[in-house]
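Geometric and topological summary
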Amino acid sequence: MKTRKKQQGLSFLSWVSVLSVVILGFVTGIKLVPVYVEFYSVQSLMKKIAADTSIRAMNTQALHRKLDDYLNINGMYTIQREHFSVQALPENKNAKALMVDYEVRKPWLGNIDFLMNFHHAEELKGQ
């Protein structure tokens, strides 16, 4: 009698399944990574502005112009200056914070989208 050889490794359907999951993860990463990189750029931009000592002499319009310059130079087109605001800190009414609050919608598969909300605040040191 002949003995059957045990199957080793994955079958064709298993390989297709694993490959489809890997491709799905890759496509998801391609869609999401640039959005988070942009948010980290916004955070570093806000830290630069908050640390700037010339902020004290600026009014809100000048601050918005400075934000526009930073956003245009860095090529951040999904976020607008309307997403930024200057508000008093709740714990210290004399201090102000530069805040950003925005959301990004990225299509994923068919009619399924990713909706990402971003919020960050930096205390203005020059105020």
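Just so it is clear, the structure is predicted and the values come from calculations on it, not from any experiment.

Side note on the confidence of the model for the protein chain
- Of all residues in the protein chain, 94% attain a pLDDT of 70 or more, and the chain-wide mean is 85.
- Per-element averaging of pLDDT across the protein chain places helix H2 (residues 60-73) at the bottom with 84 and strand E3 (residues 112-123) at the top with 93.

Description of the sheet that holds strand E1 (residues 84-88)
- The sheet built from three strands is open, its strands ordered E1-E2-E3 with antiparallel pairing. Because the sheet does not close on itself, it has two edges, and the strands there are E1 and E3. Between one strand axis and the next, the sheet turns by 25° as a mean value, whatever way the strands run.
- Pairing of E1 with strand E2 (residues 96-109) involves five bridges; the strand directions are antiparallel. What sits directly across from Val 86, in E2, is Leu 98.

Describing helix H1 (residues 12-51)
- Counted at 1.5 Å a residue, the expected span for H1 with its 40 residues is 58 Å, and the 58 Å between its end C-alpha atoms agrees.
- Every buried residue of H1 is accounted for by Thr 28, Leu 32, Val 35, Glu 38, Phe 39, Val 42, Gln 43, Leu 45, Met 46, Ile 49 and Ala 50.
- Packing partners of the buried residues in H1 comprise H2, E1, E2 and E3.

Comments concerning the packing of aromatic side chains
- As enumerated under the stated definition, the model contains six aromatic pairs in all.
- Each ring, one from Trp 108 and one from Phe 114, has its centre 5.2 Å from the other, and the planes form 55°; the classification is tilted.
- You can call Phe 114 partly exposed: its relative accessible area is 21%.
- A network of ring pairs unites the aromatic residues Tyr 36, Phe 39, Tyr 40, Tyr 102 and Phe 118 as a single cluster.

A look at the side chain of Lys 66
- Tracing the chain through its elements places Lys 66 in helix H2.
- Using a relative accessible area of 15% as the deciding quantity, one classes Lys 66 as buried.
- With residues up to four places along the chain from it excluded, the contact list for Lys 66 reads Asp 52, Ser 54 and Met 58.

Reading the values: rules and limits
Each chain has its residues counted from 1, running along the sequence as written. Local features are withheld for residues below a pLDDT of 70 in this predicted model, meaning they are given only at 70 or higher, and side-chain atom pairs are given and counted only at 80 or more; totals for whole chains, interfaces and linings count all residues. Excluded from the side-chain calculation are hydrogens and water; included are all heavy atoms of the structure. By definition, pLDDT measures how confident the predictor is in each residue, and it falls between 0 and 100. Secondary structure elements are defined from DSSP: runs of H or I of at least 4 residues count as helices, runs of E of at least 2 residues count as strands, and each element is numbered from the N terminus. Pairing between two strands is assigned when DSSP locates at least 2 bridges connecting them. For every element, the axis is a line fit to its C-alpha atoms; helices are fit only across the contacting stretch, and the angle between N-to-C directions ranges from 0 to 180 degrees. One less than the number of residues in a helix, times 1.5 Å, gives the span that helix is expected to have. Relative accessibility under 20% of the residue-type maximum defines a buried residue, over 50% an exposed one, and the middle range a partly exposed one, all with a 1.4 Å probe and only protein chains included. By definition in these notes, contact holds between two residues if any of their heavy atoms fall within 4.5 Å. Only centres within 6.5 Å qualify two rings of Phe, Tyr or Trp (six-membered ring in Trp) as a pair; their planes then separate them into stacked at under 30 degrees, edge-to-face at over 60, and tilted for everything else.

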